[in-house]
Amino acid sequence: MSEEQLDQIAEAVRVRLGELARVELTFHRPALLGEGVVLTPTPAEPLHQMWGEVRSGIAEVLGNAPTAAEQAKGFRPHVSLTYINTPGLARTYIDALGAVEAAPVSVDVEQVALIVQNRVLDPEWLYRWTTRTTVPLGAR
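Everything in this summary refers to the structure shown in the same document. (Residues numbered from 1 in each chain as written. Predicted model: local features only at pLDDT ≥ 70, side-chain atom pairs only at ≥ 80, totals over all residues. Heavy atoms only, no water.)

## Structural notes on the packing of aromatic side chains
Using the criterion set out here, one finds one aromatic pair in the structure. Residues Trp 51 and Phe 75 carry aromatic rings whose centres are separated by 4.9 Å and whose planes lie at 5 degrees to one another, so their mutual orientation is stacked. On the criterion of sequence distance, the pair formed by Trp 51 in helix 2 (residues 45-62) and Phe 75 in the loop between helix 2 and strand 5 (79-83) is long-range, its members being 24 residues apart. Here Trp 51 falls in the partly exposed class, since its relative accessible area comes to 27%. Residue Phe 75 is classed as partly exposed on the basis of its relative accessible area, which comes to 27%. (Phe/Tyr/Trp six-rings, centres within 6.5 Å; stacked < 30°, edge-to-face > 60°. Helix = DSSP H or I, 4+ residues; strand = E, 2+ residues; numbered from the N terminus. Buried < 20%, exposed > 50% of the residue type's maximum accessible area, 1.4 Å probe, protein only.)

In structure tokens:
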């Protein structure tokens with residue numbers, strides 16, 4: 001994408017997210033999600049709404065919002081803690097995570113970071129991103 005397109009997307013998203021309220025999210029115990037150990041937020045619905053508005057802003061500028069292969073299963077809001085990169089039984093990790101006792105943690109979400117993400121496939125699969133801008137929620 002060009003710098004101009006990125007700027008246009010940021011502005012389209014800024015307008016949309018400015019209409020949404022800030023939200024408090026609560027994270028409980030860690031869980032296994034695919035090959036990652038994650039914390040999932042409650043409530044998740046405000047994050048789905050934010051994601052939809054970001055995608056609508058992209059579509060406004062580009063004509064559509066491309067879906068990456070990893071997004072094909074849908075949006076699953078979470079905070080990644082670690083990834084498992086060795087073969088093994090999932091039960092081992094599920095049991096270990098089940099023994100974790102942690103108090104819930106709540107956070108106030110007041111802004112959304114808009115990132116430029118690049119997938120690096122060689123020599124290993126990883127993601128690199130830079131923050132293009134941050135957009136405040138409820139700014140309008």
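## Regarding the sheet that holds strand 6 (residues 105-109)
Taken in spatial order, the three strands of this open sheet run 4-1-6, and their pairing is antiparallel. Each edge of the open sheet is held by one strand with a lone partner, namely strand 4 (41-42) and strand 6. Where strand 1 (residues 23-27) lies against strand 6, five bridges are found, and the strand directions are antiparallel. Bridging from a neighbouring strand, Thr 26 pairs with Ser 106 of strand 6. (Pairing = 2+ DSSP bridges.)

## Structural notes on unusual backbone geometry
If a residue is not glycine, its phi is most likely negative; likewise, a peptide bond is most likely trans. Following Thr 42, the chain continues to Pro 43 via a peptide bond in cis, the omega torsion being -5 degrees. Relative to the elements of secondary structure, Pro 43 occurs in the loop between strand 4 and helix 2.

## Quick look at helix 1 (residues 3-17)
Between its first and last C-alpha atoms helix 1 spans 21 Å; for 15 residues at 1.5 Å apiece the expected length is 21 Å, and the two agree. As for helix 1, its buried residues are in contact with helix 2, strand 7 (111-120) and strand 8 (126-136). (Expected span 1.5 Å × (residues − 1). Contact = heavy atoms within 4.5 Å.)

## Topic: the sheet that holds strand 5
In a beta sheet, neighbouring strands pair by backbone hydrogen bonds and run either parallel or antiparallel. The three strands lie next to each other as 2-3-5, forming an open sheet whose pairing is antiparallel. Looking at strand neighbours, the two that pair on one side only are strand 2 (31-33) and strand 5, the edges of this open sheet. Strand-to-strand twist in this sheet, taken as the mean axis angle between neighbours without regard to direction, amounts to 40 degrees. Where strand 3 (residues 36-39) lies against strand 5, four bridges are found, and the strand directions are antiparallel. Residue pairing for strand 5: Gly 36 is matched across the bridge by Tyr 83. Packed on one face of the sheet, helix 3 (residues 90-98) meets strand 2 and strand 3 and runs near 150 degrees to strand 2. (Axes fitted to C-alpha atoms, helices over the stretch in contact; angles between N-to-C directions.)

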